[in-house]
Amino acid sequence: MGPVRYSINITVDGCCDHRAVEADAELHAFHAANLARADAMLLGRVTYQMMEDAFRPVPGAEAADDPFTRAIHPLRKHVVSSTLESVDWNAELVRGDLTAAVTHIREQSPRGVMLGGVRLPLALATLGLIDEYEFVVHPRIAGHGPRILDGLPEGIDLEPTGRSDLASGAVVLRYVPRR
């Protein structure tokens, strides 16, 4: 059973609005390498639709040369939504008991499951279903926007497991929950 890994870009003040940071080639390559370590992705409706709009390749378009686009396109995607009627782009809908669904997805994903977004990670963190946290902290103060894990009912103590620096000045911080 593979781990659930939550990786997200944030500003120094914790804003996780994708428009608050600039994604350069190095950042796309970094996140593509993360996806290569997983068998599947777990996304909420909003993040799925945003990713599909931005990264589903259009034949002959330049975006198909982007490493992140090449990595995310074939990856199995699980979309948690009570409002979508259907999904495609190598995706399936997840409904019902979230703990049971995530456990089943993990059992089918020995290398792990990448988790993205804002609201779904809050639900999974509340249920204790995230095994690894990775924050890509960009050298910017947004001053507005959604904050990561805002509304978490209890704090989660974390144990640092790694750190790396990107040329842009972003710092990648990795943690596991302290148990």
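On a predicted model such as this, the values are computed, not experimentally measured, just so you know. (Residues numbered from 1 in each chain as written. Predicted model: local features only at pLDDT ≥ 70, side-chain atom pairs only at ≥ 80, totals over all residues. Heavy atoms only, no water.)

Caption draft 1: Summary view of the pattern of salt bridges. Following the criterion strictly, the structure yields 10 salt bridges and no others. Note that R19 is salt-bridged to D17, the shortest N-O span being 2.8 Å. Looking at R19, the relative accessible area reads 64%, which means it is exposed. D17 gets classed as buried once you look at its relative accessible area, which sits at 11%. One salt-bridge network, in which partners are shared between bridges, spans E52, R56 and D88. (Salt bridge = Lys/Arg side-chain N within 4 Å of Asp/Glu carboxyl O. Buried < 20%, exposed > 50% of the residue type's maximum accessible area, 1.4 Å probe, protein only.)

Caption draft 2: Molecular detail of helix α1 (residues 25-36). The end-to-end C-alpha distance of α1, which contains 12 residues, comes to 16 Å, matching closely the 16 Å that a straight helix rising 1.5 Å per residue would cover. Taken residue by residue, α1 has L27, H28, F30, H31, A32, N34 and L35 as its buried positions. Regarding α1, its N-cap is D24, as a side-chain oxygen of that residue lies 3.3 Å from the backbone nitrogen of E26 further along. (Helix = DSSP H or I, 4+ residues; strand = E, 2+ residues; numbered from the N terminus. Expected span 1.5 Å × (residues − 1). Polar contact = N/O pair within 3.5 Å; in protein donor to acceptor, adjacent residues only side chain to side chain.)

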